[in-house]
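Reading the structure
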Amino acid sequence: MTETDLVPVFDGHNDTLLRLHQSKDADVEKLFIEGTSGGHIDLPRAKKGGFAGGMFAIFPPPLEKSKRSAVPPAPSDTEPLPPELPRADALASTIAMASILFRLERASALTVCRSAGDVRNAMAEGSIAAVFHIEGVEAIDPELTMLDVLHAAGLRSLGIVWSRPNAFGHGVPFRFPSTPDTGPGLTDAGKALVKACNQLGIMVDLSHLNEKGFRDVAEISDAPLVATHSNVHAICGHSRNLTDWQLGAIRESGGMVGLNFATGFLREDGRMNADTSLDIMVRHVDSLLQALGEDGVGLGSDFDGAMIPAVIGDVTGLPKLLDAFAERGFGRALIEKIAYRNWISMLEKTIG
């Protein structure tokens, strides 16, 4: 038994609801509770890996999978943005995935948490603490009427964009090498959305947002700046990763960043390659700690939404990463901060 065996993990981002939605299985509760052979997260594996909860993302997927609708297979510095998604289609898939989240709660597979206190209570009771998160708000109308409905249903965190444009702003394309300075800033509707989220107690996630949009949020928001699943641009020069000035703005606001496990955002060559070591993950965390301090770093795996290192494999591999932190010389207190304490503190500051 290692020092990190008993450390729970609260994770900044997963796409498990999308995987369950796309499975087309009528009994997704059974699929999640009894376990599956594919994907990264289900209940048996979560318990084995010490996965205590996280932001459960609802991501409206592209209508048709094509070479221009998802992550490119090889690095490109000219990759265009995927096309916009019609609101009606985004709304249908968003509601369908929200339904799955609440069905899982009714089946006692997890607890939907609307505050940091709810997260603590769920973890204490041994239930997966799930925060209702949306990645790409195409389902929300520019007048923000749907935002009120989703907030009442439990929405507590949202990423304004995925890597495509919408009525509120522009995401970054999947370009490597590239800076995140790839397009215009937030629209007037996007700026209104940020202010509304501050008022409602919805955390705004900066992952996938381009540089000008990031600057707009930093100027408008009165909450800490948060990127739930992003890495260090100085190590991996992908448009999805955070530059030095972005990290500085996050630190100045008292915000935080969750380490993304997607190999194309970890590796110096920008490739999606499962043969990726724990060392590069630790290197990104080291750099984030230097930029943000011990209270500004967490995990944001992107489980069920990306190719992750084979050495991690799925949620059962989380203890291996925590052990790698211990081998790097991180003490128990720091490991606990990265694993779960920092996220709970950030939720206290942003959603209450």
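Up top is the structure these notes are about.
Definitions and cut-offs
- Residues numbered from 1 in each chain as written.
- Predicted model: local features only at pLDDT ≥ 70, side-chain atom pairs only at ≥ 80, totals over all residues.
- Heavy atoms only, no water.
- Buried < 20%, exposed > 50% of the residue type's maximum accessible area, 1.4 Å probe, protein only.
- Helix = DSSP H or I, 4+ residues; strand = E, 2+ residues; numbered from the N terminus.
- Pairing = 2+ DSSP bridges.
- Arc of directions from axis to C-beta.
- Contact = heavy atoms within 4.5 Å.
- Axes fitted to C-alpha atoms, helices over the stretch in contact; angles between N-to-C directions.
- Nonpolar A, V, L, I, M, F, W, Y, C, P; charged D, E, K, R; others polar.
- Phe/Tyr/Trp six-rings, centres within 6.5 Å; stacked < 30°, edge-to-face > 60°.
- Lys NZ or Arg CZ within 6 Å of the ring centre and 35° of its normal.
- Salt bridge = Lys/Arg side-chain N within 4 Å of Asp/Glu carboxyl O.
- Core = buried A, V, L, I, M, F, W, Y, C linked by side-chain atoms within 4.5 Å.

Now for the pairing of strand β2 (residues 51-58). Consecutive side chains of a regular strand alternate in pointing toward one face of the sheet and then the other. Counted residue by residue, β2 has eight buried out of eight residues, so it is predominantly covered. In this sheet, β2 lies alongside strand β1 (residues 9-14) in parallel orientation, the contact comprising four bridges. Paired with Asn-14 across the bridge in β2 is Phe-56. Relative to strand β4 (residues 129-135), β2 runs parallel, the two sharing six bridges. The residue bridging Phe-56 from the neighbouring strand is Phe-132, located in β4.

An α-helix turns once per 3.6 residues; consequently, residues spaced three or four apart project the same way. Among the residues making up helix α5 (residues 116-124), those that are buried are Ala-116, Val-119 and Ala-122. For α5, the angular spread of buried residues about the axis comes to 125°, placing them on one side. Taken together, the buried residues of α5 touch β1, β3 (111-112), β4 and α12 (332-350). Looking one or two residues past α5, Gly-126 carries a phi angle of roughly 80°, positive in sign.

Any two packed helices are characterised by how steeply their axes cross, that is the angle between the axes, and by the distance between the axes. The contact between α5 and α12 brings their axes to 8 Å, and the two run at 145°. From α5, Ala-116, Val-119, Arg-120 and Met-123 reach across to α12, where they touch Tyr-340, Ile-344, Leu-347 and Glu-348. The residue inventory of the contact of α5 with α12, partitioned by class, reads six nonpolar, no polar and two charged.

Okay, the packing of aromatic side chains next. In this structure the tally under the stated criterion is eight aromatic pairs. For the ring pair Phe-51 and Phe-56, a centre distance of 6.3 Å and an interplane angle of 65° mean the geometry is edge-to-face. For the pair Phe-51 and Phe-56, one class covers both residues: buried. Aromatic side chains Phe-325 and Phe-330 sit 5.4 Å apart centroid to centroid with 25° between the ring planes, which places their arrangement in the stacked category. On the accessibility criterion, Phe-325 (0% relative accessible area) is buried. Taken together, the ring pairs in this structure connect Phe-59, Trp-162, Phe-174 and Phe-265 into an aromatic cluster. A cation sits over an aromatic face here: Arg-215 above Trp-245, 3.8 Å from the ring centre. We note Arg-240 situated over the ring of Phe-265; from NZ or CZ to the ring centre the distance is 5.0 Å.

Time to look at unusual backbone geometry. In this model, Phe-176 is joined to Pro-177 through a cis peptide bond whose omega is -10°. On the secondary structure map, Pro-177 appears in the loop between β5 (157-159) and α7 (188-200). One non-glycine residue, Ser-108, lies in the positive phi region at around 60°. Looking at the element boundaries, Ser-108 is found in the loop between α4 (87-106) and β3. In this structure Ser-108 comes out as exposed when scored by relative accessible area, which is 62%.

Under the definition given, this model contains 16 salt bridges. Across the pair Arg-120 and Glu-348 runs a salt bridge whose closest N-O atoms are separated by 2.6 Å. You can see Arg-120 sitting in helix α5 and its partner Glu-348 sitting in helix α12, a full 228 residues away along the chain. Judged by relative accessible area, Arg-120 falls into the partly exposed class, the value being 39%. Given the relative accessible area of 39%, Glu-348 is considered partly exposed. Salt bridges sharing partners connect three or more residues here, namely Asp-42, Arg-45 and Asp-314.

In terms of nonpolar packing, the biggest core is built from 108 residues, with Leu-158, Ile-160, Phe-261 and Phe-325 touching the most fellow members. By residue number, the principal contributor to this core is α12, which donates nine residues. Once residues lying within four places of it in the same chain are set aside, the contact partners of Phe-325 are Val-282, Val-285, Leu-299, Phe-330, Ile-335 and Ile-338.

Across the seven residues of β4, seven count as buried, placing the element largely inside the fold. When β3 meets β4, the two strands line up parallel, connected through two bridges. Residue pairing in the sheet places Val-112 in a bridge with Ala-130 of β4. Looking at chain direction, β4 and β5 are connected through three bridges and run parallel. Bridge pairing in β5 links Ile-134 to Leu-158.

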